[in-house]
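Observations on chain architecture
Here's the letter readout for the chains.
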Amino acid sequence: MIKKIRKYHKWLMAFVGIQFLIWSLTGLYMVSMDIHFIHGEHLRVEHRRVEHLRDASPQQTNQTLALDKVNYSLSNLLSEYPHAQNITLGHMLDKQVYRFMDHARGKVLIDADSGKRLAPLNEAQALNLAQYHFSGTAAVASAKLISDVENTPPELSPRHLPVWQITFAGFSSPTFYINQYTAEIVTTRHLAWRMFDWMWRFHIMDYDDGENVANWFLLLIALLGCVAASMGAVLTYQRICNNKQAGAK
Amino acid sequence: MFKLNTSLHKWLSLLVGIQLLIWLGTGLYFNLMDHQKASGAVHLRPVNHNASTSPTQLIPFDQLAFDGAKQIKLLWILGHPYYQLTFESGPHAYQHKSVTLVDAKSGAVRPLSETLVRTIAVKSYDGAVNIISANLLTPPIDELPREENPVWQVKFDDANNTNVYIDANSGAVLAHVNDDRRLKDLMLMLHFMDYFNTGGFNHWLIIVFAIASLLLSMTGITWLVERFKSGQLRIMLKPSSQQVTVTEQSSQQSNTLTLKAQQPLFDALAQHNVLLPSNCGGGGTCGMCRIHSEQPLKITEAEQARLSKSKLDEGYRLACQHMAGEVTHITVRTQKKSAKAQ
Ligand code: FES
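Note that this is a predicted model, so its numbers are computed, not measured.

Thresholds applied
Residues numbered from 1 in each chain as written. Chains lettered and ligands numbered in written order. Predicted model: local features only at pLDDT ≥ 70, side-chain atom pairs only at ≥ 80, totals over all residues. Heavy atoms only, no water. Pairing = 2+ DSSP bridges. Helix = DSSP H or I, 4+ residues; strand = E, 2+ residues; numbered from the N terminus. Axes fitted to C-alpha atoms, helices over the stretch in contact; angles between N-to-C directions. Contact = heavy atoms within 4.5 Å. UniProt positions renumbered as here; feature names shortened; annotations may be inferred. Buried < 20%, exposed > 50% of the residue type's maximum accessible area, 1.4 Å probe, protein only. Lys, Arg positive; Asp, Glu negative; His and termini not counted. Salt bridge = Lys/Arg side-chain N within 4 Å of Asp/Glu carboxyl O. Buried area = accessible area lost by both parts, 1.4 Å probe. Nonpolar A, V, L, I, M, F, W, Y, C, P; charged D, E, K, R; others polar. Domains from an automatic or database assignment. Polar contact = N/O pair within 3.5 Å; in protein donor to acceptor, adjacent residues only side chain to side chain.

Examining the sheet that holds strand β7 (residues 173–177) of chain B
Residues and elements named next belong to chain B.
- Strand order in the open sheet formed by four strands is β4-β5-β6-β7, and the pairing between neighbours is antiparallel. Each edge of the open sheet carries a strand with a single partner, namely β4 (131–137) and β7. Ignoring which end each strand starts from, the neighbouring axes of this sheet average 15 degrees apart.
- Packed on one face of the sheet, helix α3 (residues 114–123) meets β4, β5 (151–156), β6 (163–167) and β7 and runs near 55 degrees to β5.

Printed below as a string of structure tokens:
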């Protein structure tokens, strides 16, 4: 009996053993890397003191709104864009801006001082924004406007389009994706994230797009793996019991 | 080396064995589960909050008695306008935020009332339900372990025990947690070894277990490779047989047996009722299945670990390490009698 189990354990593992190695390797990577680091949160700084707030307290930065400087009021905005939805007042660099959605116009960005609608980001502005929020010191390696789904890299969800892709030089190629209309950094990517994504694919054995946990290949190997591992458990159990019996004698 | 490898494999399996089975079982569950159901969102429908107000009714920003916000959002909650002032927030919605809700018409601070919360909860549910209770919870929240902000919990009396969670800072419906979702959360908790309910998988317990499983896999694969090298993992195409003359050491009786060539000698002999002593059942770890042969047989790692140099030189080998096809004449010490006596 034990002999048979030993034999099947050996033969099954000869087929699925490599996947066990992959599972533990990729699993180890995923649990040991801090998820916030993976998300690239360290690449990005929100707060940075700017010139016009030099005499402000150290905590006060340009990220704090100066409400008395909002010359274009919310009522102005609502009378000009009556269908505006999801209106927020925030920052773009040191400028105070409104961002909202409009049925006809899509995503809109408005200077809260002048009330003028801001044109979609050009390359220079996108570079400026990326460098402003980048926590590192590396130079920009490339800048590219991505506006259609076909050219969207797999690391970016197409719902963020159109975006500027700003890639910094360096080993981990930190990359900022900035929405062209809202001037918001929608995503940051770097080597550790890209590796995490591959680890995930190998972990769920989805070798085409990494989206699908429900694939038959995983099902098959996991089922065989279950049987093989249970038999391994029997062998271990038997070993302990035998040892105990031997000890009792 | 070999001995270390196999005993490590056994001890590691003892340590991670159960968790390994849990990982496989929960992994299978994720593979097979109904994603729609498991999300808990079968009855979730969007709540329409918008309404139109004359813009002049909104109090201007500079009349707000607040300083230091980094973002202001015009938020509609069930047709009433609010200013949501965010002072502090993290990259993820669940992370701690410092937010104040202000009535955009009066300028007064107005946190979500229980009545509003109850209405939002009912509107977010597709179907007729009754509310059992509504409570404002502060983190940690059992069913939303990652959440770091206060959240309203509205309990429904539906068949699936739905709890609706509503963000106290915005009135947004965060989740419907029902029995299907609870099952998935339990599976996730088991898979992530999140036995302290942190909602995450970056903790030392799972890291230690992941390292142990990695070693378990590596020692297992090394063992398999070793097996393969010693010819015990070869797929046989046609079973050929081998005539082996077996001499019993004490009685000096000889028998010629017809054995399957592609079977470990240990097993092949056993089939002919020649039972060699063994504690490991042919695993190459007990070193008890000793045989003697005048033929020049290769020496496997298991044999190096289990037999002394002099014994090896004399021609002693382990029966479980060689195929029946490798030998023609061997001498054995059987436990035939004692086996029968038992
Ligand atoms: S049977 Fe235990 S070493 Fe051969």
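Concerning the UniProt feature "transmembrane region" (unreviewed entry) in chain A
Residues and elements named next belong to chain A.
- Per the UniProt annotation, the sites labelled "transmembrane region" (unreviewed entry) are residues 12–31 and 216–237.
- In residues 12–31, the share of helix is 100% and the share of strand is 0%. The end C-alpha atoms are 27 Å apart.
- Between the C-alpha atoms that bound residues 216–237 there is a distance of 31 Å. The span itself is 100% helix and 0% strand.

Here we look at the sheet that holds strand β4 (residues 140–146) of chain A
Residues and elements named next belong to chain A.
- Here four strands make up an open sheet; going across it, the order is β4-β5-β6-β7 and the pairing antiparallel. The open sheet is flanked by β4 and β7 (185–189), the only strands paired with a single partner. Averaged over all neighbouring strand pairs, the angle between strand axes comes to 15 degrees, with direction disregarded.
- One ladder, built from six bridges, connects β4 with strand β5 (residues 163–168); its direction is antiparallel. By the bridge assignment for β5, Ile146 is matched with Val163.

Description of the side chain of Lys97 of chain B
Residues and elements named next belong to chain B.
- In this structure, Lys97 sits in the loop between β2 (80–88) and β3 (98–103).
- Although buried, Lys97 forms no salt bridge, and the nearest oppositely charged side chain, Asp167, lies 4.0 Å from it.
- Residues within four places of Lys97 in sequence aside, it is in contact with Glu88, Ser89, Asn149, Asp167 and Asn169.

A look at the interface of chain B and chain A
- Counting residues at the interface gives 58 residues for chain B and 61 residues for chain A.
- Across the chain B/chain A interface, buried area totals approximately 4,800 Å², and carbon plus sulfur atoms make up 68% of it.
- If you look at where chain B meets chain A, you find zero salt bridges.
- Going through the elements one at a time, α1 (2–32), β1 (71–77), β2, α5 (204–229) and α6 (265–271) of chain B are the ones with two or more residues in the side of chain B that touches chain A.
- With twelve residues, the single largest contributor to the side of chain B that touches chain A is α1 of chain B.
- Looking at the side of chain B that touches chain A residue by residue, the class counts come to 31 nonpolar, 19 polar and eight charged.
- The pairing of strand β1 (residues 85–92) of chain A with β1 of chain B spans two bridges and is classified as antiparallel. Pairing of Thr88 of chain A across the sheet is with Lys73 of chain B, part of β1 of chain B.

Quick word on the pairing of β3 of chain B
Residue and element names in this part refer to chain B.
- With five of six residues buried, β3 lies mostly within the body of the structure.
- Pairing of β2 with β3 involves six bridges; the strand directions are antiparallel. Residue pairing in the sheet places Gln84 in a bridge with Leu101 of β3.

Quick notes on the domain arrangement of chain A
All names here are of chain A.
- Structurally, chain A comprises domain 1 (2–35 + 197–248), domain 2 (44–118) and domain 3 (120–189).
- Every contact between the two is made by 13 residues of domain 2 and, on the other side, 19 residues of domain 3.
- Contact between domain 2 and domain 3 buries roughly 1,400 Å² in total, counting both sides, with carbon and sulfur atoms accounting for 55%.
- When residues of domain 2 are sorted by the area they lose upon contact with domain 3, Arg44, Leu93 and Lys107 head the list and together hold 47% of the total.
- The interface formed by domain 2 and domain 3 contains one salt bridge.
- Measuring nitrogen to oxygen at the nearest pair gives 4.0 Å for the salt bridge that ties Glu184 to Arg99.
- Linking domain 2 to domain 3 there are two residue pairs in polar contact (both at pLDDT 80 or more).
- For the side of domain 2 that touches domain 3, the per-class residue count stands at six nonpolar, two polar and five charged.

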